[in-house]
Amino acid sequence: MIILEMLSYPFLARAMLVGVLVSLCAALLGTSLVLKRYSMIGDGLSHVGFGALAIASALGWAPLAVAVPVVVIAAVALLRVSQTRSAIKGDAAVALISSGALAVGVLVISLTSGSNTNVSNYMFGSILTVSRADAWLSVALCAAVLACCTLFYPRFFAVTFDETFMRATGGKAGRYNLLLAVLTAVTVVLGMRMMGALLISSLIIFPPLAAMRVFRTFKSVTVCSAVLSVACFIIGMTASYALETPSGASVVCADILAFALFALIGRIKR
């Protein structure tokens with residue numbers, strides 16, 4: 001079986017383990033982000049992560065140890081901007097930070113490596129970049145994200161559908177919005193090593209949107225998007241191994257096909 005053959009290679013086994021966990025985290029968070037219309041924050045944070053990874057690599061530092069706190073700070077800043085009456089609106093702030101970080105990352109890599117060969121790995125992902133140490137750290141952080149999603153599920157539900165009512169009844173809506181942003185930042189950094197800065201947001205957007213074509217309740221959409229995200233990642237990675245195609249692009253194509261299938265099923269049901 002092709003999956004068993006893939007798992008016989010240590011680097012592919014690490015990539016599959018981390019990828020499945022990241023896909024699960026992204027789908028669980030993506031349902032709230034899509035419904036709150038924060039889905040593009042993943043794209044902005046991935047560009048910040050690209051810049052942080054580039055600088056960390058240039059200085060010889062541990063990439064994840066640098067990128068995670070930097071992207072978390074960026075997520076908090078974007079959340080603050082979107083919730084305050086700032087001269088720069090939320091979508092403009094995302095574009096400003098993401099394009100600036102992307103430019104800094106490309107410049108740093110080109111100056112330190114003398115060529116642009118490594119840019120492709122950061123932008124579109126490479127399973128070869130997942131080391132043993134990164135895999136263990138990714139598993140630990142993914143476990144923390146999943147634990148928070150499970151523990152605070154009722155709070156995320158409340159802040160997603162009626163944030164005003166939650167504030168009126170004494171709920172700490174700002175605190176849970178902040179937690180959602182931090183968990184998203186961690187998930188984006190962990191996933192972009194394989195998916196790339198330009199493709200990681202697809203793990204957040206596609207599975208919830210596909211599930212919403214068929215299901216209507218928050219719980220059913222969340223569960224379906226989680227299962228669908230993991231399935232699409234495994235299918236995409238398997239296709240990448242069999243066809244020798246880029247891993248990130250293969251996973252996204254699997255997500256696109258799943259979205260088209262669910263859209264068709266939803267249309268038939270209606």
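Each remark here, short or long, concerns the structure printed above.
Given the structure is predicted, the values throughout are model-derived calculations rather than measurements.

Summarise the overall build of the protein chain; cite the residues concerned and give the values.
Across its full length, the protein chain carries 13 helices and 0 strands. The helix and strand sequence of the protein chain, counted from the amino end, reads α-α-α-α-α-α-α-α-α-α-α-α-α. For the protein chain, the spread of C-alpha atoms along the principal axes amounts to about 55 × 45 × 30 Å. Each of the 270 residues in the protein chain was classed as buried or not, and the buried ones make up 48%. Pairs at least 24 residues apart make up 76% of the contacts formed inside the protein chain by residues separated by at least 6 positions.

How would you summarise the packing of aromatic side chains if you had to cite specific residues and measurements?
Evaluation of the coordinates by the stated rule reveals 8 aromatic pairs. Between Tyr9 and Phe11 the ring centres are 6.1 Å apart and the planes differ by 55 degrees, which places this aromatic pair in the tilted class. Members of the aromatic cluster, joined through ring pairs, are Tyr153, Phe157, Phe161 and Phe218.

Residue-level account of unusual backbone geometry, with values.
One non-glycine residue, Arg37, adopts positive backbone phi at about 60 degrees. Its location among the elements puts Arg37 in the loop between α2 (10-35) and α3 (41-59). Even without being glycine, Glu244 reaches a positive phi, approximately 60 degrees.

Report on helix α8 (residues 153-161), specifying residues and quantitative values.
Turning to α8, its buried residues number three or more, namely Phe156, Val159 and Thr160. Considered in projection along α8, the buried side chains sweep an arc of 105 degrees and stay on one side of the axis. Buried residues in α8 make contact with α2, α7 (132-151), α9 (163-168), α10 (173-195) and α12 (218-243).

So what about the packing of α7 against α8? Which residues, and what values?
Two elements in contact, α7 and α8, have axes whose closest approach is 4 Å; the angle formed by their N-to-C orientations is 70 degrees. With respect to each other, α7 and α8 are oriented roughly perpendicular. Across the interface between the two elements, Cys148, Cys149, Thr150 and Leu151 of α7 pack against Tyr153, Pro154 and Phe156 of α8. When its residues are assigned to classes, the contact of α7 with α8 shows 6 nonpolar, 1 polar and no charged.

So what about the layout of surface pockets? Which residues, and what values?
Taken as a whole, the second largest pocket spans an internal volume of roughly 210 Å³. Lining the second largest pocket, in full, are Leu28, Ser32, Cys149, Thr150, Tyr153, Phe156, Phe218, Lys219, Thr222 and Val223. Where the lining of the second largest pocket is concerned, the elements lending two or more residues are α2, α7, α8 and α12. Here the element with the most residues in the lining of the second largest pocket is α12; it accounts for 4 residues. Split by residue class, the lining of the second largest pocket holds 6 nonpolar, 3 polar and 1 charged.

Describe in detail the side chain of Thr238, supporting the description with residues and values.
Its location among the elements puts Thr238 in helix α12. Aside from chain neighbours lying at most four places away, what touches Thr238 is Ile2, Ile3 and Met6.

Any details on a positive patch on the surface? Residues and values, ideally.
Where like charges cluster on the molecular surface, the positive patch consists of Arg213, Arg216, Arg267, Lys269 and Arg270. Looking at where Arg213 falls in the secondary structure, it is placed in the loop between α11 (201-212) and α12.

Thresholds, definitions, all that
Residues numbered from 1 in each chain as written. Predicted model: local features only at pLDDT ≥ 70, side-chain atom pairs only at ≥ 80, totals over all residues. Heavy atoms only, no water. Helix = DSSP H or I, 4+ residues; strand = E, 2+ residues; numbered from the N terminus. Buried < 20%, exposed > 50% of the residue type's maximum accessible area, 1.4 Å probe, protein only. Contact = heavy atoms within 4.5 Å. Phe/Tyr/Trp six-rings, centres within 6.5 Å; stacked < 30°, edge-to-face > 60°. Arc of directions from axis to C-beta. Axes fitted to C-alpha atoms, helices over the stretch in contact; angles between N-to-C directions. Parallel < 35°, antiparallel > 145°, perpendicular 65-115°, else oblique. Nonpolar A, V, L, I, M, F, W, Y, C, P; charged D, E, K, R; others polar. 1 Å grid on protein atoms, 1.4 Å probe; cavity = no way out; pocket = protein on both sides within 12 Å on 5 of 7 lines; lining within 4 Å. Points joined across faces, edges and corners; volume = space filled by probe spheres on them. Patch = residues over 30% accessible without salt bridge, like charges linked within 9 Å, V, L, I, M, F, W, Y side chains within 5 Å. Areas by Shrake-Rupley, 256 points an atom, 1.4 Å probe, with all protein chains shown as cover. Salt bridge = Lys/Arg side-chain N within 4 Å of Asp/Glu carboxyl O. Lys, Arg positive; Asp, Glu negative; His and termini not counted. Charge placed at Lys NZ, Arg CZ, Asp CG, Glu CD.

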